[in-house]
Amino acid sequence: MTIWWLIIGCIAVTSLIKAVGPVLVGGRDLPGWSMRVIALLAPALLAALVVTSALAAGTRWSVGAHTVGVAVAGVLLLLGRSMILAVGVAVVVTALLRALA
Amino acid sequence: MSRTQTFRAGVRKGVPFAVVGFVLSMSFGVLALQAGFTPLQAIVTSALVFAGSAQFTAVSVFAAGGGVGPAVAAAALMHGRFLAMGVAFAPSLPGGAARRAAQGQTVVDASWAMANRGDGTFDRWLLFGATAPQYLTWVSGTVVGALTGDLIGDPDRWGLDVIYPTFFLALLIGEVKRGGLPMVVALLGAVVALALVPVTPPGVPILAAGVAALLGLRR
């Protein structure tokens, strides 16, 4: 039963968080300055997601095989290769480095 | 373009992310089983929570003995960026509060980034279309992972933990490829997040990185 409470808790908080903005702000025209800030939220949040998952583990900085895998994927993406190929190569590089370690 | 055409365009844009999401949710299914979930519980989680980072966080904290309260709190923090995304998406949503709240549930990282027109507005039908295949593969991937977990073993051994950062990196490159202010904001967001990693709970650095977007006030 404990796990069901965990699931119910997660459903409640995640759906509430997603609903707050649309309910409180929805349908209104926001001033121009706020639209410029909103447009820049994507690069800010995405960059944070990348560095916290590639260069950190929990509450400490962490560099390892996964960092190398993501870096190789980054080069492929910058060269215009598809995301699926980049993900596949990142997974293989990381798994190989861990197998060799 | 009509709504149907825009929705279909969104589906096409969402498919590559859905393919990657399938593998990612498969690894969630495996990890959930290892944390003590039954296959049904893992599948229900993906079907009704539908939030990768929150799900992985909750399962990790729970598996480490953190209990239900801390696991849900950690998931909420990791999910906090959707507060900012929801506020950003909100002006593009019509209808009453309940309808807007329901539409807000369709926001996932990749769809939100792709539907961003770059002027502060969002194409909601493109977002709905991009989310549809991602939802299907998110649930079906968990089904496969939860039913074959014993065969896969530790997902990290297979390098599956790099799927998430690569997924986000692909979206980030799309956002900053023209350089300029988005690139500066991305660099600042990365610095803020990394600086906060050792001193705040996981999830907070990502949410806090949103302050970098305030550089938009300077234009």
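The structure presented is a predicted model; accordingly, all values stated were derived computationally and were not measured.

Definitions and cut-offs
- Residue numbers restart at each chain and count upward from 1, following the sequence in its written direction.
- Think of it this way: whatever chain is written first is A, whatever ligand is written first is 1, and the rest follow in order.
- Local features are withheld for residues below a pLDDT of 70 in this predicted model, meaning they are given only at 70 or higher, and side-chain atom pairs are given and counted only at 80 or more; totals for whole chains, interfaces and linings count all residues.
- Excluding hydrogens and water, the side-chain values take into account all heavy atoms of the structure.
- UniProt positions are given in the numbering used here, feature names are shortened, and annotations may be inferred rather than shown by experiment.
- We count a stretch as a helix when DSSP gives it H or I for four or more residues in a row; a strand needs E for two or more, and each element gets its number in order from the N terminus.
- Each residue's exposure class comes from its accessible area (1.4 Å probe, protein chains only) as a fraction of the maximum for that residue type: buried when under 20%, exposed when over 50%, partly exposed otherwise.
- Contact between two residues is taken to exist if any of their heavy atoms lie within 4.5 Å; hydrogens are not considered.
- Buried area: the accessible area, evaluated with a 1.4 Å probe, that two parts lose upon being put together, summed over both parts.
- We define a salt bridge as a contact between a side-chain nitrogen of Lys or Arg and a carboxyl oxygen of Asp or Glu at a distance within 4 Å.
- What counts as an axis is a line fitted to C-alpha atoms, over the stretch in contact for a helix, and the angles between N-to-C directions run from 0 to 180 degrees.
- Should an angle lie under 35 degrees it is considered roughly parallel, over 145 roughly antiparallel, and from 65 to 115 roughly perpendicular; all remaining angles are considered oblique.
- Each crossing gets its hand from how the near helix is turned against the far one by less than a right angle, where anticlockwise is left-handed and clockwise is right-handed.
- The charged-residue count follows a simple rule in which Lys and Arg add positive charge and Asp and Glu add negative charge, with His and chain termini not counted at all.
- Think of it as three bins: nonpolar holds Ala, Val, Leu, Ile, Met, Phe, Trp, Tyr, Cys and Pro, charged holds Asp, Glu, Lys and Arg, and polar takes everything else, Gly as well.
- Aromatic rings from Phe, Tyr and Trp, with only the six-membered ring used for Trp, were paired whenever their centres fell within 6.5 Å, and each pair was classed as stacked if the ring planes differed by under 30 degrees, edge-to-face if by over 60, and tilted otherwise.
- In our convention, an over-ring charge means Lys NZ or Arg CZ found within 6 Å of a ring centre and within 35 degrees of that ring's normal.

Things to note about the UniProt feature "transmembrane region" (unreviewed entry) in chain B
Right, on to step 1. The sites that UniProt annotates as "transmembrane region" (unreviewed entry) are residues 56–77 of chain B.
Right, on to step 2. Secondary structure within residues 56–77 of chain B divides into 82% helix and 0% strand; the distance between the first and last C-alpha atoms comes to 12 Å.

Structural notes on the environment of M183 of chain B
Residue and element names in this part refer to chain B.
Right, on to step 1. Turning to its location among the elements, M183 is positioned in helix α10 (residues 181–196).
Right, on to step 2. Relative accessible area serves as the criterion here: at 34%, M183 is assigned to the partly exposed category.
Right, on to step 3. On a C-alpha basis, the gap between M183 and L172 in space is 9.3 Å, while along the polypeptide they are 11 residues apart.

So, the interface of chain A and chain B
Right, on to step 1. Counting residues at the interface gives 66 residues for chain A and 94 residues for chain B.
Right, on to step 2. When the two sides are added together, the surface that chain A and chain B hide from each other amounts to roughly 6,700 Å², 81% of it contributed by carbon and sulfur.
Right, on to step 3. Across the chain A-chain B interface, the total number found is one salt bridge.
Right, on to step 4. One salt bridge in this structure joins D161 of chain B and R98 of chain A, with 2.8 Å as the shortest N-O distance.
Right, on to step 5. When residues of the side of chain A that touches chain B are traced back to their parent elements, those giving at least two are α1 (2–25), α2 (32–39), α3 (41–54), β2 (60–61), α4 (65–78) and α5 (83–100) of chain A.

Here's the deal with the environment of G80 of chain B
All names here are of chain B.
Right, on to step 1. With respect to the secondary-structure elements, G80 resides in the loop between α4 (68–78) and α5 (81–89).
Right, on to step 2. Residue G80 is classed as buried on the basis of its relative accessible area of 4%.
Right, on to step 3. Sequence separation of G80 and G118 is 38 residues, and the distance between their C-alpha atoms is 22 Å.

Concerning the packing of helix α2 (residues 39–48) of chain B against helix α8 (residues 124–152) of chain B
Residue and element names in this part refer to chain B.
Right, on to step 1. Here α2 crosses α8 at 165°, and the two axes come no closer than 9 Å. Viewed along their axes, α2 and α8 adopt a mutual orientation that is roughly antiparallel. Our pair here, α2 against α8, has a crossing hand that is right-handed. Facing α2, whose interface residues are P39, A42, I43, S46 and A47, α8 presents Y135, W138, V139, T142, V143, A146 and L147.

Quick notes on the environment of I163 of chain B
Right, on to step 1. Positionally, I163 of chain B belongs in helix α9 (residues 163–176).
Right, on to step 2. Sequence spacing of I163 of chain B and V23 of chain B is 140 residues, and the spatial spacing of their C-alpha atoms is 8.2 Å.
Right, on to step 3. Apart from residues lying up to four places away in sequence, I163 of chain B is in contact with V87 and V91 of chain A together with V20, V23 and L24 of chain B.

Brief notes about the side chain of R124 of chain B
All names here are of chain B.
Right, on to step 1. Of note, R124 is situated in helix α8.
Right, on to step 2. Of the side chains bearing the opposite charge, D123 lies closest to the buried R124, which forms no salt bridge; the N-O distance is 7.1 Å.
Right, on to step 3. When sequence neighbours within four positions are dropped, the list of residues in contact with R124 reads R3, F89, S92, L93, P94, R99 and Q103.

Notes on the packing of α4 of chain A against α9 of chain B
The relative placement of two packed helices comes down to the angle between their axes together with the axis-to-axis distance.
Right, on to step 1. As a packed pair, α4 of chain A and α9 of chain B sit with axes 10 Å apart at the nearest point and diverge in direction by 30°. When the axis of α4 of chain A is compared with that of α9 of chain B, the two are roughly parallel. The interaxial crossing formed by α4 of chain A with α9 of chain B has right-handed handedness. Contacts between α4 of chain A and α9 of chain B involve V70, A73, G74, L77 and L78 of chain A from the first element and P165, T166, L169, A170 and I173 of chain B from the second.
Right, on to step 2. Its residues placed into classes, the contact of α4 of chain A with α9 of chain B shows eight nonpolar, two polar and no charged.

Description of the packing of aromatic side chains
Right, on to step 1. Taken as a whole and assessed by the stated rule, the structure comprises nine aromatic pairs over all chains.
Right, on to step 2. Ring geometry for F50 of chain B and Y135 of chain B: centres 4.9 Å apart, planes at 90°, overall edge-to-face. Placement of the pair is F50 of chain B in the loop between α2 and α3 (52–63) and Y135 of chain B in helix α8, with a sequence separation of 85 residues.
Right, on to step 3. Connected via pairs of aromatic rings, a cluster forms that spans F17, F28, F56, Y164, F167 and F168 of chain B.
Right, on to step 4. Over the aromatic face of F82 of chain B sits the side chain of K18 of chain A, whose NZ or CZ is 5.0 Å from the ring centroid.

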